[in-house]
Amino acid sequence: MTATAAPSESLSRHGNEHGHRPYEPVFVDGSPARAELDTLLTRYPNKMAALLPALWTVQHARGWVSDEAMAEVSAVLDLTPAYVKGVVTFYTMYHQHPVGEHFIQVCTTTPCNVCGAEDVVNAFLEHTGCGELGLTSPDGKYTVIEVECLGACGFATPVQINDQYVESVTPERVPEVLAALR
Ligand code: FES
């Protein structure tokens, strides 16, 4: 489920943080993220309304939304940390822990499942080195999860990789799909 458009790719770091480094604020004065947030704030009636895109900005910049990131967002939008955490934990598209550079979501709902989605999942787990659903590959590049209907039931099996859709994926096509990410 996507609640709002993601921010520009220019803010994407294409990496993740594994929680061992001190948190670096995203909305620093003079930064592209701060400029994007300031522009966003002109389009909404109040700061609270900009919460979802602000969280997207953080996730694209840092790879996930840590407690420190939630604290930063709550400060810049004058919201309580509890309110921000409530929103982050409600929407599954916000990562509450580090994930791979390529976050791979495979639809395994019934229509895709009967067309072989489980085999596609297993192929991704094997070729990425993730091994298990929800785990990140040792090189930090991939995380694979199953998701409900991606709205492309006529093109089984659809896969969403970060913000991109790939349709009609078969186990045989998985190496080619992964190669295109490199
Ligand atoms: S059931 Fe897989 S996209 Fe709809």
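As the structure is a prediction and not an experimental result, all values here were calculated from the model.

Each value, and the rule that gives it
Residues numbered from 1 in each chain as written. Predicted model: local features only at pLDDT ≥ 70, side-chain atom pairs only at ≥ 80, totals over all residues. Helix = DSSP H or I, 4+ residues; strand = E, 2+ residues; numbered from the N terminus. Buried ≥ 20, exposed ≤ 12 C-beta atoms within 10 Å, placed from the backbone. Contact = placed C-beta atoms within 7 Å. Pairing = 2+ DSSP bridges. Axes fitted to C-alpha atoms, helices over the stretch in contact; angles between N-to-C directions. Arc of directions from axis to C-beta. Core = buried A, V, L, I, M, F, W, Y, C linked by C-beta atoms within 7 Å.

Q: Give a description of the overall build of the protein that names residues and reports values.
A: Scanning the protein for helices and strands turns up seven helices and four strands. The order of helices and strands in the protein, counted from the N terminus, is α-α-α-α-β-α-α-β-β-β-α. Within the protein, the proportion of its 182 residues that are buried is 32%. For the protein, long-range pairs separated by at least 24 residues make up 63% of all intrachain contacts whose partners lie at least 6 apart in sequence.

Q: Before we move on, can you summarise the sheet that holds strand S1 (residues 102–107) with the specific residues and values?
A: Pairing in this open sheet of four strands is mixed, and the strands run S2-S1-S3-S4 from one edge to the other. Looking at strand neighbours, the two that pair on one side only are strand S2 (142–147) and strand S4 (164–166), the edges of this open sheet. The mean inter-strand angle of the sheet, taken between neighbouring strand axes irrespective of direction, is 25°. Sheet topology note: the S1/S2 ladder contains six bridges and is parallel. Paired with Ile-104 across the two strands is Val-144, which belongs to S2.

Q: A description of the environment of Val-114 should follow, citing residues and the corresponding values.
A: Structurally, Val-114 is set in the loop between helix H5 (110–113) and helix H6 (117–128). Here Val-114 falls in the exposed class, since 10 other C-beta atoms lie within 10 Å of it. Taking the C-alpha atoms as reference, Val-114 lies 9.8 Å from Thr-157; in sequence the two are 43 residues apart.

Q: Got a sec to walk through helix H3 (residues 67–76)? Specific residues and values, please.
A: Of all the residues in H3, the buried ones are Ala-69, Met-70, Glu-72 and Val-73. End-on, the buried residues of H3 take up no more than an arc of 160°, which puts them together on one face. On its buried face, H3 is in contact with helix H2 (51–62) and helix H4 (81–90). Just beyond H3, the residue with positive phi is Asp-78, at close to 55°.

Q: Explain the nonpolar core residue by residue, including any values.
A: Ile-104, Val-106, Ala-117, Val-120, Val-121, Phe-124 and Val-144 are the most contacted members of the largest nonpolar core, which totals 22 residues. When residues of this core are traced back to their parent elements, those giving at least two are S1, H6, S2 and strand S3 (159–161). With six residues, H6 is the largest single contributor of residues to this core. When residues no more than four places from it in sequence are discounted, the contact partners of Val-106 are Ala-117, Val-120, Val-121, Phe-124, Val-144, Glu-146, Val-147, Thr-157 and Val-159. Judged by nonpolar contacts, the second largest core, of 17 residues, contains Ala-54, Trp-56, Val-73 and Val-84.

Q: Could you give an account of the environment of Arg-34, with specific residues and numbers?
A: By the element assignment, Arg-34 lies in helix H1 (residues 32–41). Using a count of 16 C-beta atoms within 10 Å as the deciding quantity, one classes Arg-34 as partly exposed. Along the backbone, Arg-34 and Val-76 are 42 residues apart, and their C-alpha atoms lie at a distance of 9.7 Å. Beyond its immediate stretch of four places on either side in the chain, Arg-34 contacts Phe-27, Val-28 and Asp-29.

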